[in-house]
Amino acid sequence: MRVKEVAELLSAEILYDEISNDERDFEHVVAADLMSEIMLDTAEQSLMVTGLINPQVIRTAELMDVYAVVFVRGKEVSAEVTELAKDRGITIMSVCQTMYETCGRLYEAGLTAGR
Amino acid sequence: MAEKSGMHMEYDINKEDFNSAGEASSKVKKTLNMLGVDNKVIKRVAIAMYEAEINAFIHGGGGMAVADIYTDKIVIEISDHGKGIENLELAMQEGYSTASEEIRMMGFGAGMGLPNIKKNVDELDIRTGPGEGTDLKMTFKLN
Ligand SMILES: Nc1ncnc2c1ncn2[C@@H]1O[C@H](COP(=O)(O)OP(=O)(O)O)[C@@H](O)[C@H]1O
Ligand SMILES: [Mg+2]
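Residues numbered from 1 in each chain as written. Chains lettered and ligands numbered in written order. Predicted model: local features only at pLDDT ≥ 70, side-chain atom pairs only at ≥ 80, totals over all residues. Heavy atoms only, no water.

**Student:** It is not clear to me how unusual backbone geometry should be interpreted in this structure. Could you clarify?
**Tutor:** Among all residues except glycine, the phi angle is most often negative; among peptide bonds, the trans geometry is most common. All names here are of chain A. If you check the backbone angles, Gln 45 has positive phi at about 60° while not being a glycine. Tracing the backbone through its elements, the reader meets Gln 45 in the loop between α2 (35-38) and β3 (46-50). A relative accessible area of 39% places Gln 45 in the partly exposed class. Of note, Arg 73 is a non-glycine position whose phi angle comes to about 65°, a positive value. Along the chain, Arg 73 turns up in the loop between β4 (68-71) and α4 (79-88). (Helix = DSSP H or I, 4+ residues; strand = E, 2+ residues; numbered from the N terminus. Buried < 20%, exposed > 50% of the residue type's maximum accessible area, 1.4 Å probe, protein only.)

**Student:** Explain the interface of chain B and chain A to me, please; I cannot follow it from the model alone.
**Tutor:** One frequently used descriptor of interface size is the decrease in accessible area upon assembly of the parts. Of the residues lining the interface, 25 residues belong to chain B; the matching set on chain A comes to 21 residues. In this assembly, chain B packs against chain A so that about 2,000 Å² is buried in total across both faces, 51% of it on carbon and sulfur atoms. Ranking the residues of chain B by area buried against chain A places B:Asn19, B:Lys43 and B:Tyr50 at the top, with a combined share of 29%. Where chain B meets chain A, there are four salt bridges. Viewed at the interface, chain A and chain B are joined by 19 residue pairs in polar contact (both at pLDDT 80 or more). (Contact = heavy atoms within 4.5 Å. Buried area = accessible area lost by both parts, 1.4 Å probe. Salt bridge = Lys/Arg side-chain N within 4 Å of Asp/Glu carboxyl O. Polar contact = N/O pair within 3.5 Å; in protein donor to acceptor, adjacent residues only side chain to side chain.)

**Student:** Any chance you could explain the environment of B:Thr98 here in plain terms?
**Tutor:** Residues and elements named next belong to chain B. Secondary-structure assignment places Thr 98 in the loop between α3 (88-91) and α4 (101-105). For Thr 98, a relative accessible area of 54% translates into the label exposed. Thr 98 sits 11 residues away from Gly 109 along the chain, and the two C-alpha atoms are 7.5 Å apart.

**Student:** Is there a simple way to explain the pattern of salt bridges in this structure?
**Tutor:** Should their charged atoms come close, side chains of opposite charge can pair. Applying the stated rule across the entire model yields 16 salt bridges over all chains. Between A:Arg2 and A:Glu23 there is a salt bridge; the shortest N-O distance is 3.3 Å. With A:Arg2 in the segment before α1 (3-9) and A:Glu23 in the loop between β1 (13-16) and β2 (28-31), this residue pair connects regions lying 21 residues apart in the sequence. For A:Arg2, a relative accessible area of 33% gives the class partly exposed. According to the relative accessible area criterion, A:Glu23 is exposed, its value standing at 62%. Here A:Glu62 ties to B:Lys30 by a salt bridge, and the two come within 3.9 Å at their closest N and O atoms. Placement of A:Glu62 in helix α3 (residues 55-63) and of B:Lys30 in helix α1 (residues 23-34) is noted, with the two residues assigned to different chains.

**Student:** Would you mind going over empty space enclosed by the protein with me for this structure?
**Tutor:** A water-sized probe rolled over the atoms picks out the places where empty space is left. Residue and element names in this part refer to chain B. The tally for this structure, following the rule as stated, stands at one cavity of 30 Å³ or more. Taken as a whole, the largest cavity holds about 30 Å³ of empty space. For the largest cavity, the full set of lining residues is Ser 25, Val 28, Lys 29, Leu 32, Ile 42, Val 45, Ala 46 and Met 49. Of all elements in the fold, only α1 and α2 (39-58) reach the threshold of two or more residues within the lining of the largest cavity. Split by residue class, the lining of the largest cavity holds six nonpolar, one polar and one charged. (1 Å grid on protein atoms, 1.4 Å probe; cavity = no way out; pocket = protein on both sides within 12 Å on 5 of 7 lines; lining within 4 Å. Points joined across faces, edges and corners; volume = space filled by probe spheres on them. Nonpolar A, V, L, I, M, F, W, Y, C, P; charged D, E, K, R; others polar.)

**Student:** Looking at this structure, how should I read the sheet that holds strand β5 (residues 91-94) of chain A?
**Tutor:** Working definition: the strands of a sheet are paired by backbone hydrogen bonds and lie parallel or antiparallel to each other. Residue and element names in this part refer to chain A. Spatially, β1-β5-β4-β3-β2-β6 is the arrangement adopted by the six strands of the open sheet, whose pairing is mixed. For this open sheet the edge positions go to β1 and β6 (112-113), each flanked by a neighbour on one side alone. Taken strand by strand, α4 contacts β1, β4 and β5, and its axis lies near 70° from that of β1. Each of β2, β3 and β4 is contacted by helix α5 (residues 99-108), which is oriented at about 160° to β3, the strand it contacts most. (Pairing = 2+ DSSP bridges. Axes fitted to C-alpha atoms, helices over the stretch in contact; angles between N-to-C directions.)

**Student:** Is there a simple way to think about α4(A) in this case?
**Tutor:** Side chains of residues three or four places apart in an α-helix project in the same direction, reflecting 3.6 residues per turn. Turning to α4(A), its buried residues are A:Val81, A:Thr82, A:Leu84, A:Ala85 and A:Arg88. All buried residues of α4(A) lie within an arc of 165° about the axis, which places them on one face of the element. Facing away from the buried surface of α4(A) by more than 90 degrees, the exposed residues are A:Ala79 and A:Asp87. Against the buried residues of α4(A) lie β1, α3, β4 and β5 of chain A together with α1 of chain B. One or two residues past the end of α4(A) sits A:Gly89, with phi positive at roughly 70°. (Arc of directions from axis to C-beta.)

What is shown is where atoms sit, not what they do.
This is the structure:
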């Protein structure tokens, strides 16, 4: 699933759109508020869903080759996070829904567990 | 494969700045990518180094990250002068953590760091003790 399709499915607001990620096909989802959990193992072509909004989310994504992050519950994302995402080439978006609903919709759309 | 041998990198892990913890891991990952190291190895290095770097920040009060890249191996050493680990056997167990609620709110402190480091390295040498700081030497073999 493309970034645009994910955004549409979740009625997400795209906070930073890395053009080079437009052609990526996201097949899996990793969802957690604990970054150590994401660090356990993450498949290629995974999308991250999280309720955490500090810069370590972007660092974790970068280190695990995750190119798109969905922040749940409409939390306000700082300029620092957006800047870091831009610098590391990671697409970020924000949704109003809870983690449960966000994952539910992605699951329904056919995306599978990223580990 | 890594063409250059004996490449040496050093980074500070600043105790004042949580937001830049992990930067050393990021830089090392980029370098390994540039050198054309196998992706699976890069991921293992990234995971172990990042968890160790975060530990040095949250438990060790900051420290140093040193990376040495040879033709046949990558050696990463993360050290701090913090309080050290009292019971290493316990600390290596999944789920054991002395992290505060505040750390947990920041996305860490689930007691998964050290076990995950162990899983991803080929060799792990830990020097630590109460009041002695902590020094993690992680070795990754290249083919
Ligand atoms: N660099 C360090 N300095 C002091 N204590 C440490 C260090 N690294 C790990 N520890 C101790 O080992 C425990 C387990 O570490 P870890 O498995 O990474 O889990 P977590 O960091 O989530 O607590 C920590 O909670 C801490 O008590
Ligand atoms: Mg840890």
